[in-house]
Amino acid sequence: MKILTIHEVQSFLKSMEATYDVRVPIRLLDGTRTLGKVDEGTLAIGGGCVPRKITSVFFPQMETVLDMKPGKSEQVKSQGKPLFVVGFTAQDADCLKFIDRFYSENYRDDIYFGKRDEAVIVCVSGRCGADGEFLKIAGGNCDLELISDGQNYLLNAYTEKGQALARKAAGTEADENLYQQAMNESDAIVSDELELVQKASTLLREEKVPDEFWVSVSDRCIACTSCNMVCPTCTCFDVFDRKSDDTIKRWRVWDSCQLDGFMREASGHNPLGTENLRTRRRIHHKLAADPKRWGQITCMLCGRCDAACPTGLGIKSVCMEMVQKYGS
Ligand code: SF4
Ligand code: SF4
């Protein structure tokens, strides 16, 4: 374990570019944070989760999955250096762990794992939240973790790959107690939000939320799809084929359960034909259907959909309304 100044962190990340396609949180000229290359903007490791869907590095919004020529079709293989992705919060690491399951159980998605298998995941935590608050420590589910004390970063490795890379970082050797102290602070964080979604999940699974609730809240939805586009555990996609010369390329593109055409069938019948059914489906899926299917709630409370929804229909907002109305 080492303590690194922010300059040493930056040099370490830059040095990784020889072997990896390094993506880090950067600040753009307009002040927003996103994931980019080390030199594409100002390094902005602190500040909490990056607004964009962080799992998009492995499941991009649009990608070619198949090249088809007469008599021959080939799955598109991942090319270039393996990814080295910095900026996962503890909640993001939980999201990634879930979608690793999603893409590997029953059917293994080789396109996803072509990018994911060799990737290095670096979480960022500690005293570097948007307002200086303490961000929960992942403590695993990643190769490396950068834990801020408000000024410097403690670099901790959890995997053999992470340990080998951490040896290449500059910095000074750190006392194990520093990690334990940070863990104690992390463990002391009480999450009211977790209790909230658990209560909402119970209400949904016990069918205590009437249709009129969904009619009343969904009236606000403008179908912008932001909630799905930023969610690290949303995995729905559509496919289409595009022809150029003698090749047909098959693309997969993110889909959104908030769109009218999401479930529309060829006959014209639409099982999710109204906005209230679609909003219900988005929330019910993560809090009731997924616990049944996967044994876990699949909202990890990353906060992105609440930050992105222009009409207050992020999952925490909806859960709050639901629990206030039907929770007693
Ligand atoms: S908080 Fe919203 S965006 Fe984040 S995992 Fe939950 S549903 Fe997805
Ligand atoms: S972000 Fe809000 S307004 Fe946009 S589709 Fe989702 S619920 Fe509707």
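Scroll up for the structure.
Here's what I pulled together on the structure shown here. Residue positions are given per chain, counting from 1 as you read along its sequence in written order. Naming scheme: in the order in which they are written, chains are lettered from A and ligands are numbered from 1. Given that this is a predicted model, residues contribute local features only at a pLDDT of at least 70 and side-chain atom pairs are listed and counted only at 80 or more, while totals for whole chains, interfaces and linings are drawn from all residues. Each side-chain value is worked out from all heavy atoms of the structure, with water and hydrogens disregarded.

A look at the site of ligand 1
- The local shell around ligand 1 consists of Cys231, Pro232, Lys286, Cys299, Met300, Leu301, Cys302, Gly303, Arg304, Cys305 and Ile315.
- The pocket and cavity definitions rest on a 1 Å grid over protein atoms only: a 1.4 Å probe that fits but cannot leave marks a cavity, an open set with protein on both sides within 12 Å along at least five of seven lines marks a pocket, and residues lining either have an atom within 4 Å of a point. Criterion for pocket placement: a molecule counts as inside a cavity or pocket if more than half of its atoms are within 2 Å of its grid points. When each cavity is represented as a set of grid points, ligand 1 is found to reside in the largest cavity.
- In terms of residue class, the shell around ligand 1 is built from eight nonpolar, one polar and two charged. One heavy atom suffices: a residue is near a molecule or strand as soon as one of its heavy atoms comes within 4 Å of it. Each residue is assigned to one of three groups, with Ala, Val, Leu, Ile, Met, Phe, Trp, Tyr, Cys and Pro labelled nonpolar, Asp, Glu, Lys and Arg labelled charged, and all others, Gly among them, labelled polar.

Some details on empty space enclosed by the protein
- Grid points are joined across faces, edges and corners, and a volume is the space filled by probe spheres set on the points. Within the structure shown, the criterion is met by three cavities of 30 Å³ or more.
- Reported here for the largest cavity is a volume of approximately 160 Å³.
- Together, 21 residues line the largest cavity, and Cys231, Lys286, Cys299, Cys305 and Ile315 are the ones closest to its centre.
- Elements that contribute at least two residues to the lining of the largest cavity include exactly helix 8 (226-230), helix 9 (275-294), helix 10 (304-308) and helix 11 (315-326).
- Here the residues of the lining of the largest cavity are counted per class, giving twelve nonpolar, four polar and five charged.
- Looking at the second largest cavity, its volume works out to about 90 Å³.
- Strands are runs of DSSP state E lasting at least two residues, helices are runs of H or I lasting at least four, and both sets are numbered from the N terminus onward. Where the lining of the second largest cavity is concerned, the elements lending two or more residues are helix 8 and helix 9.

Looking at the packing of helix 6 (residues 192-205) against helix 9
- In this description, a line fitted to the C-alpha atoms serves as the axis of each element, helices being fitted only across the stretch in contact, and the angle between N-to-C directions of two axes falls anywhere from 0 to 180 degrees. Contact pair helix 6 / helix 9: the axes reach a minimum separation of 9 Å and the direction vectors enclose 75°. Considering their axes alone, helix 6 and helix 9 lie roughly perpendicular with respect to each other. Contact residues: helix 6 offers Val197, Ala200, Ser201, Leu204 and Arg205, while helix 9 offers Ile283, His284, Leu287, Ala288 and Pro291.
- Taken together, the residues of the contact of helix 6 with helix 9 break down into seven nonpolar, two polar and one charged. Under this scheme an angle from 65 to 115 degrees is roughly perpendicular, one under 35 degrees roughly parallel, and one over 145 degrees roughly antiparallel; angles in between are oblique. Any two residues whose heavy atoms approach within 4.5 Å at even a single point are treated as in contact.

So, the sheet that holds strand 14 (residues 247-254)
- With respect to topology, four strands assemble into an open sheet ordered 6-5-14-13, the strand pairing being antiparallel. In the strand order of this sheet, the two ends are held by strand 6 (72-75) and strand 13 (237-244), each with one partner. Within the sheet, the average angular offset between the axes of one strand and its neighbour, ignoring direction, is 25°. Strands pair, by our definition, only if DSSP identifies at least two bridges between them.

Some words on unusual backbone geometry
- Non-glycine residue Asp245 carries a positive phi angle of around 50°.
- Summarising the element assignment, Asp245 is placed in the loop between strand 13 and strand 14.
- Asp245 gets classed as exposed once you look at its relative accessible area, which sits at 70%.
- A positive phi angle, close to 60°, is found at Leu301, a residue other than glycine.
- Among the secondary structure elements, Leu301 is positioned in the loop between helix 9 and helix 10.
- Given a relative accessible area of 11%, Leu301 falls into the buried group. For every residue, the accessible area (1.4 Å probe, protein chains only) is compared with the maximum for its type, and the residue is labelled buried under 20%, exposed over 50%, or partly exposed between those bounds.

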